[in-house]
Amino acid sequence: MPYFNCTQEIGKPDSVPEELLGSKSQAGVVPSTSAADGVSSSRVADSTGESSQETFKSNYAKLPDYLKSCLDYSSIVSNRHPVEIGKLVRLLLAEGLIQDKPGDIMEVVAANVVKELIDLGMLREVDDGSEVEVPASYLHLSILKLEKQDYVAKTANLPVRRAIRDDGRDIFPNVEGRLIRSLFIITAERRGYSSGSTGGLSRAYMRNVCGMRFLLVLDLDGKIVYLPDEVGDLIHLRYLGVVNSDLDELPRTLGNLQKLQTLDIRMCGKLSELPIEVVHIQQLRHLLMSKSIGDCEIRVPEGIGKMVNLHTLSGIYGGDGIARELSALTQIRHLGVKRVSEDHAGELFAAIEKMENLESLSLEAEECFFEETSLTLFPELDAFSPPPLLQEFYLHGGLTEIPIWLASMENLTRLALSFSYLSESPTSALQFLPKLKHLNLWEAYKAKQIGKEFCSAGGFPALETLTIASEFLVEWTEIATGAFPRLRSLSFSCCSKLVFLPEGLQNISTLQELSLGSMHPDLARRLKGEDNYKIKHIPKLFCLAF
């Protein structure tokens, strides 16, 4: 039985109904090994040749049901923009497309399905590999446009996924007679479009949304000032996303949503605390709160340490005794803590060290003021010993030096150092990490010049993406021969003083993308002239000149 998707642009006369040809309404059985036998990898550009199209069709037809269902669903959620891999995993679980089997961690199974589709070329990693999209060749195969009358006839009593792109006039579409199971709404100001008021979605609009009693997924992106008590009537809901909103409180009726797996309230700048009822949602696995730098942290109520099914907890304040609660959450796999300070750092670090399953950790230092200047500075980190399975690490705040243990994190695949303002290059300790694929150095290093020492021959053996942002950097003189053997994307952001790209850049044959934001006019002139040989082999160039 197929699932149907309907995308509606409010303010336009007709919606665009679609049938997902391969989707099943129930989860497929996920085998322990790849079941995509006979499917050839198609990691190629979206070719339009007839033979290529036949290959795409053949590959799609040979997919087992569980992969086909997940690919079709990915076509919905990444149809307009790439989707964060973590979000895609959580949505697949909420939709029931990943079967829950005793002894398996559902998120791991779902992530492996996503990886399998990536390896087959049916999902494509974007930028630093944290997001994916469906290539156009498979997008066209997954989704078949229907005439409106056919859509109405076919969807009677069948589950529908609906996407609404609001125009700011606060008009809720007619959904009578449709069994809406998933609803995605993006508001007018998030779209950068409005033909009327942009006051956000009204109370009446939100009450209509909360009248869809059979929803499994509700994903709201944009200006919403009110979430009604009636949201507690959506007792089947497994995924609730309310992001980029103006909410200053959440209804206590959220405690009724006992099937809820994911609560995503990131980028809700006015929200500062959770209602205590949330800690009684025992099936909750992912609690994602404030994410953006400088966004207020969320104060969580006492008792969060009893939420033994939590796998993700982000955006929490590091003080108020939260460390004692965290020490009981040893099953946590993704953790994000804000406003880390000397007052509670020791207790917090001790709790984190107990999290043997932790894969991703984000720490943000508390902001302080010195001589009327705002700055952040981490407390002493050398006494901290990160869990051994940690794969992703994000540090936001000033560092006096690189922690000595960072160079021994052999499982690390992603690292971000933000506003560290180190006086010595961090890469001398990082370049021999064997699995590091993605490195983001955002105001991490105060040097005006870097050279061959930044990466020696054979350094960063697995690195695929490198992002550098620096208000200080003027020149990168040279890249050693044999450095960055797998680098595919190099990005310079906010490097407005940079006037020289390194000699040896032309020797990195794997480089596919070079991004230069806020480019100095002297650098632009050189790249058009005498230094053009350094970049002419790179397929994709993204340049923003002054």
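Quantities reported herein were computed from a predicted structural model and do not represent experimental measurements.

Description of the confidence of the model for the protein
On average, residues of the protein score 84 in pLDDT, and 83% of them reach the 70 mark or higher. In this model residues 19–35 is a low-confidence stretch, pLDDT under 50, and it forms 59 contacts with partners more than four residues away in sequence or in other chains. Note that residues 40–48 has pLDDT below 50 and, in this model, 24 contacts with residues that lie over four places away or in other chains.

Points about the sheet that holds strand β5 (residues 131–133)
Sheet architecture is open: three strands sit in the order β3-β5-β4, paired in antiparallel fashion. Of all the strands in the sheet, just β3 (83–84) and β4 (124–126) have a single pairing partner and so form its edges. The pairing of β3 with β5 spans two bridges and is classified as antiparallel. From the neighbouring strand, Glu84 faces β5, where its bridge partner is Glu131.

A word on helix α10 (residues 345–353)
Turning to α10, its buried residues are Ala345, Leu348, Phe349, Ala351 and Ile352. Projected down its long axis, α10 carries its buried residues within an arc of 160 degrees, all on one side. Residues of α10 that are buried sit in contact with α9 (322–326), β14 (334–340) and β15 (360–365).

Considerations on unusual backbone geometry
With glycine set apart, most residues show a phi of negative sign, and most peptide bonds adopt trans. The phi angle at Asp320 is positive, at roughly 60 degrees, despite the residue not being glycine. As for its placement among the helices and strands, Asp320 is situated in the loop between β13 (312–317) and α9. We classify Asp320 as exposed; its relative accessible area is 60%. Of note in this structure, Phe484 is not a glycine but carries a positive phi near 50 degrees. Within the element layout of this structure, Phe484 appears in the loop between β23 (475–476) and β24 (489–493). Classification of Phe484 as buried rests on a relative accessible area of 2%.

Rules of the game
- Residues numbered from 1 in each chain as written.
- Predicted model: local features only at pLDDT ≥ 70, side-chain atom pairs only at ≥ 80, totals over all residues.
- Heavy atoms only, no water.
- pLDDT = per-residue confidence, 0-100.
- Contact = heavy atoms within 4.5 Å.
- Pairing = 2+ DSSP bridges.
- Helix = DSSP H or I, 4+ residues; strand = E, 2+ residues; numbered from the N terminus.
- Buried < 20%, exposed > 50% of the residue type's maximum accessible area, 1.4 Å probe, protein only.
- Arc of directions from axis to C-beta.

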